[in-house]
Amino acid sequence: MRNLLVNALFAVVLFANSAFAADPLPSWNDGKAKQSIVNFVTKVTKAGSPDFVPAPQRIATFDNDGTLWAEQPVYFQLLFAIDRVKALAPQHPEWQTQEPFASLLKGDLKGVMAGGEKALLEIVMATHAGMTTEEFEKTVKDWLATARHPKTGKLYTEMVYQPMLEVLTYLRANGFKTFIVSGGGIEFMRPWTEKVYGVPPEQVVGSSIKTQWEVRSGKPTLVRLPEINFIDDKTGKPVGINAHIGRRPIAAFGNSDGDQQMLEWTQAGSGARLMMLVHHDDAKREWAYGPESKIGTFSDALMAEANQRGWTVISMKNDWKKVFAFDN
């Protein structure tokens, strides 16, 4: 009996040591990017280390589009809005001749994009407002349950990056709180981020439209209005972090010019900091784009700043063993 207990105890210790020694980032190639993450986590979580950070202050922020999931051929929320325009078109015969809806209904996405930010805002306002918050949440969930990416045929919630899922899990296992800070709509993301990323809705920061209290059929509701409330992009990201989180991050992950100020603000704090940018340079397994792309622009100026400030640029081509969660 004693030998059985000893053997069982030994097995438990062996398993614990094995789990501890297991690679927390198996989809990453060994190199500077992976080592930057591991070294940072080690020094801020080691008691007695001069860089130790108490758990409540271990805040990590992640952009969504292009950082946690794909963003080509266009932002997925725009594809959602396009499908909503098509569904609502019978109720709006004027859209057949009114831009940007006319181009969209003809399948002329380039014509829509040529209208710039104004055209995109018109589409979002027409498709995201006029309903209660509960109705909008159901609409998002229904779309995500069936809509598929035009290139891969996968559900959009499957177009997530496995290496970044591992980073989220690794950070949380080491006492971090992980937040999404995105230019995407906050109420577009909240219905699914917990299931896909393990990030609950209260830890999502994003752009928003105004809402209004109403009583409908005797029931209190919040109704979405066709008016912008806040744009959580570029300089808006630090503002959104301060308003929603109330702590400066010690780690920030992005992929484009829209994330620059979030990384700058993160680095401006005292103590150990980690700033990382995903570089989409893998045309074979994903898409290669950067300075010239209107989606997820990674300008030469941002690359120069990253090099000057010591930020880590993640090469999707060289640093990731696999890209999508569905990859073999």
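Higher on the page you've got the structure.
A quick note: this is a predicted structure, and the numbers were derived from the prediction, not measured.

**Focus on the packing of aromatic side chains**
Now for step 1: In this structure the tally under the stated criterion is 16 aromatic pairs.
Now for step 2: An angle of 55° between the planes, with centres 4.6 Å apart, marks the rings of F76 and Y156 as tilted. Taken together, the residues span a long stretch of sequence, with F76 in helix α3 (residues 76-88) and Y156 in the loop between α7 (133-146) and α8 (162-173) at a distance of 80 residues. The two residues F76 and Y156 agree in class, both being buried.

**Notes on the pattern of salt bridges**
Now for step 1: This structure, assessed with the given rule, holds eleven salt bridges.
Now for step 2: Here D63 ties to K237 by a salt bridge, and the two come within 3.1 Å at their closest N and O atoms. Here D63, found in the loop between β1 (59-62) and α3, pairs with K237, found in helix α11 (residues 236-244); they are 174 residues apart in sequence, far enough to count as distant.
Now for step 3: We classify K237 as buried; its relative accessible area is 1%.
Now for step 4: Between E214 and R216 there is a salt bridge, and its shortest N-O distance comes to 3.1 Å.
Now for step 5: On the basis of relative accessible area, R216 is assigned to the partly exposed category, the value being 33%.
Now for step 6: Shared partners join several salt bridges into a network, and the residues in it are D23, D30 and K34.

**Let's talk about α8**
Now for step 1: A rise of 1.5 Å per residue sets the reference length of α8, with its twelve residues, at 16 Å; its end C-alpha atoms lie 17 Å apart and thus fit the reference within 8%.
Now for step 2: α8 sits mainly inside the fold: nine of its twelve residues count as buried.
Now for step 3: Residues of α8 that are buried: Q162, P163, M164, L165, E166, V167, L168, Y170 and L171.
Now for step 4: Of the surrounding secondary structure, the elements contacted by the buried residues of α8 are α2 (32-45), β1, β2 (177-185), α10 (193-197), β5 (251-254) and β6 (274-279).
Now for step 5: Positive phi shows up at G175, right after α8, with a value of about 85°.

**Quick notes on the packing of α11 against helix α12 (residues 260-267)**
Now for step 1: Two elements in contact, α11 and α12, have axes separated by 7 Å at closest approach and are oriented at 55°. Taken as axis vectors, α11 and α12 run oblique relative to one another. Of the residues in α12, those in contact with K237, P238, I241 and N242 of α11 are Q261, M262 and W265.
Now for step 2: In the contact of α11 with α12, the residues fall into four nonpolar, two polar and one charged.

**Section: the sheet that holds strand β4 (residues 219-230)**
Now for step 1: Spatially, β4-β3-β2-β1-β5-β6-β7 is the arrangement adopted by the seven strands of the open sheet, whose pairing is mixed. Both edges of this open sheet fall to β4 and β7 (312-315), since each of them pairs with a single strand only. The mean inter-strand angle of the sheet, taken between neighbouring strand axes irrespective of direction, is 30°.
Now for step 2: The pairing of β1 with β2 spans four bridges and is classified as parallel. From the neighbouring strand, A60 faces β2, where its bridge partner is T178.

**Some remarks on unusual backbone geometry**
Now for step 1: Across the junction of Q72 and P73, the peptide omega takes the value 5°, indicating a cis bond.
Now for step 2: Tracing the backbone shows P73 in the loop between β1 and α3.
Now for step 3: For the peptide bond that leads from E99 to P100, omega is 5°, which places it in the cis range.
Now for step 4: Looking at where P100 falls in the secondary structure, it is placed in the loop between α3 and α4 (101-105).
Now for step 5: Phi angles above zero are rare outside glycine, and S217 is one such case at about 55°.
Now for step 6: Looking at the secondary structure, you find S217 in the loop between β3 (204-216) and β4.

**Some details on empty space enclosed by the protein**
Now for step 1: By the definition in use, this model includes one cavity of 30 Å³ or more.
Now for step 2: Estimates place the volume of the largest cavity at around 40 Å³.
Now for step 3: In terms of lining residues, the largest cavity is bounded by N64, D65, W69, Q77, S182, G184, F188 and M189.
Now for step 4: Elements with a contribution of two residues or more to the lining of the largest cavity: β2 and α9 (186-189).
Now for step 5: Here the residues of the lining of the largest cavity sort into three nonpolar, four polar and one charged.

**Examining the side chain of T312**
Now for step 1: Summarising the element assignment, T312 is placed in strand β7.
Now for step 2: Ignoring sequence-local partners within four residues, the contact set of T312 consists of A33, S36, M275, M276 and L277.

Parameters and conventions
Residues numbered from 1 in each chain as written. Predicted model: local features only at pLDDT ≥ 70, side-chain atom pairs only at ≥ 80, totals over all residues. Heavy atoms only, no water. Phe/Tyr/Trp six-rings, centres within 6.5 Å; stacked < 30°, edge-to-face > 60°. Helix = DSSP H or I, 4+ residues; strand = E, 2+ residues; numbered from the N terminus. Buried < 20%, exposed > 50% of the residue type's maximum accessible area, 1.4 Å probe, protein only. Salt bridge = Lys/Arg side-chain N within 4 Å of Asp/Glu carboxyl O. Expected span 1.5 Å × (residues − 1). Contact = heavy atoms within 4.5 Å. Axes fitted to C-alpha atoms, helices over the stretch in contact; angles between N-to-C directions. Parallel < 35°, antiparallel > 145°, perpendicular 65-115°, else oblique. Nonpolar A, V, L, I, M, F, W, Y, C, P; charged D, E, K, R; others polar. Pairing = 2+ DSSP bridges. 1 Å grid on protein atoms, 1.4 Å probe; cavity = no way out; pocket = protein on both sides within 12 Å on 5 of 7 lines; lining within 4 Å. Points joined across faces, edges and corners; volume = space filled by probe spheres on them.

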